[in-house]
Each structure stands twice: as C-alpha cells, then as structure tokens.
Amino acid sequence: MPLPIPSLTLISAALVAVLLAGAPARAEDIDALPSSVTFVTSTGYWEDAAEVGTAQPPRKGYYKLVAVRQADRTAKIFLQQIASTDDGPIVVSSVEVEELTQLKPFVTDIRPESSSGVTNQPGMFATVYLKTESQAKEAESWTVMIDDLGEMIVEKATN
C-alpha cells in the first residue's frame, strides 16, 4: 500500500525521486545526484496484496530514507517507498518526514536496523542521528518505523 502523499508536493522530494529511480545506474549518473543529498539508506520490506481477478503478482519493495541539506545547513528528511520490478527500482511514493524536519535538524547519520540487506519481514526501522543545535557535542537518536500495516511512527530513541 503506497504511503499517503501530502497535498503540498515538495520540489526537492520530486527531484530526489526522479534522480534516484529509473534507468540502470551508470558511473556518470552520480554527477546528477544533487550535492544537497547528504545521507541515504535503504531498508525494510513492503508488499501489496494481489488484486482480485488479475494474474498480476503483488507489488513488493523496500523503503529509503533520504536527508536533503537546505541552504541554512539544516535538513529535510524524506521517506520513499520503492517497488522492486524486473526493470529495476521504481519510486512509488515520497513523503517528507515532517516530525523530523520541524526540528530543523543537522543530520549526522542515518542507519538501518540491520546492514544485512532488505528483510523479509514487513515494515521498516531506521535511526536518524541529528543535532538541533549545530554546535551540540552529541547527536540525538530518532527512530523512523513503518509497521506491518504501513503506518509511520517517528519518535525519539529511548536507549
């Protein structure tokens, strides 16, 4: 099930979606990636139910978290839902993670729950490390989770 797309589509989200999906990657394509994209991580798993009465298999794929640096050095965070197809990955949806963007974060890292690749369990879990003041010594940890029903939960890590 695609994530809901907010009514205000952000130009940067569309730009990142276009540049990070589509045709097979070539070495010269890396120059097209905006230098404002500072962190990207892919993790998790999702699958749509097959439509009744069709021979089409269910769509499935993974999630991607992207940090895009703004002119003031803070970042906007976007969550993408990526479909895995025979022709390569396709962006299904892109949404801003407003709970994090509202913090006006200085993102220092984004990490998946596991570095062993895409999981077979539905959902997603990733940690965004950020500072709310550029001179802060320690980064805060925030988790972005997608449950098995596709609902996003964003909260400060409690570890």
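Visitor: I'd love a proper account of the overall build of the protein chain, names of residues and values included.
Guide: Regarding its fold elements, the protein chain presents two helices and eight strands. Burial status across the protein chain gives 35% buried among its 159 residues. Residue pairs at least 24 apart in sequence account for 47% of intrachain contacts in the protein chain once pairs closer than 6 positions are excluded. Counting every atom, the protein chain has about 9700 Å² of accessible surface; 53% of that belongs to carbon and sulfur.

Visitor: Provide a residue-level description of the sheet that holds strand 2 (residues 60–69), including the pertinent values.
Guide: Sheets are built from strands that pair by backbone hydrogen bonding, the pairs being arranged parallel or antiparallel. Across the sheet, four strands lie side by side as 1-2-3-4; this open sheet has antiparallel pairing. The open sheet has two free edges, formed respectively by strand 1 (37–47) and strand 4 (88–96), since each of these has just one partner strand. Direction aside, neighbouring strands of the sheet carry axes that sit 25 degrees apart on average. The pairing of strand 3 (residues 75–85) with strand 4 spans eight bridges and is antiparallel. From the neighbouring strand, T85 faces strand 4, where its bridge partner is G88.

Visitor: So what's going on with the environment of E96? Which residues, and what values?
Guide: Tracing the backbone shows E96 in strand 4. Reaching out from E96, the side chain makes a polar contact with the side chain of T101 at a distance of 3.0 Å.

Visitor: Describe the nonpolar core, naming the residues involved and giving the relevant values.
Guide: Counting 21 residues, the largest nonpolar core has L65, I77, L79, L100, M124 and V128 as its most contacted members. Elements supplying a minimum of two residues to this core: strand 2, strand 3, strand 5 (106–112), strand 6 (124–131) and strand 7 (140–146). What I77 contacts, discounting residues up to four positions off in sequence, is L65, V66, A67, V95, E96, V97, L100, T101 and V107.

Visitor: Any details on the sheet that holds strand 6? Residues and values, ideally.
Guide: Spatially, the four strands line up as an open sheet ordered 5-6-7-8, and their pairing is antiparallel. Both edges of this open sheet fall to strand 5 and strand 8 (152–156), since each of them pairs with a single strand only. Taken over all neighbouring pairs, the strand axes of this sheet differ in orientation by 20 degrees on average, direction set aside.

Visitor: Tell me what's going on with the confidence of the model for the protein chain, and back it up with residues and numbers.
Guide: Per-residue confidence for the protein chain gives a mean pLDDT of 82, with 81% of residues at or over 70. Confidence over residues 4–21 falls short of pLDDT 50; this stretch has 28 contacts with residues more than four positions distant or in other chains.

Visitor: An account of the pattern of salt bridges is requested, with residue identities and associated values reported.
Guide: Within the structure shown, the criterion is met by three salt bridges. The partner of R59 in a salt bridge is D48, and the shortest N-O contact between them spans 3.0 Å. One end of the pair, R59, is in the loop between strand 1 and strand 2; the other, D48, is in the loop between strand 1 and strand 2, and 11 residues separate them in sequence. R59 gets classed as partly exposed once you look at its relative accessible area, which sits at 38%. Residue D109 pairs with R111 through a salt bridge whose shortest N-O separation is 2.5 Å. For D109, a relative accessible area of 17% translates into the label buried. By relative accessible area, R111 is classed as partly exposed at 47%.

Calculation criteria
Residues numbered from 1 in each chain as written. Predicted model: local features only at pLDDT ≥ 70, side-chain atom pairs only at ≥ 80, totals over all residues. Heavy atoms only, no water. Helix = DSSP H or I, 4+ residues; strand = E, 2+ residues; numbered from the N terminus. Buried < 20%, exposed > 50% of the residue type's maximum accessible area, 1.4 Å probe, protein only. Contact = heavy atoms within 4.5 Å. Areas by Shrake-Rupley, 256 points an atom, 1.4 Å probe, with all protein chains shown as cover. Pairing = 2+ DSSP bridges. Axes fitted to C-alpha atoms, helices over the stretch in contact; angles between N-to-C directions. Polar contact = N/O pair within 3.5 Å; in protein donor to acceptor, adjacent residues only side chain to side chain. Core = buried A, V, L, I, M, F, W, Y, C linked by side-chain atoms within 4.5 Å. pLDDT = per-residue confidence, 0-100. Salt bridge = Lys/Arg side-chain N within 4 Å of Asp/Glu carboxyl O.

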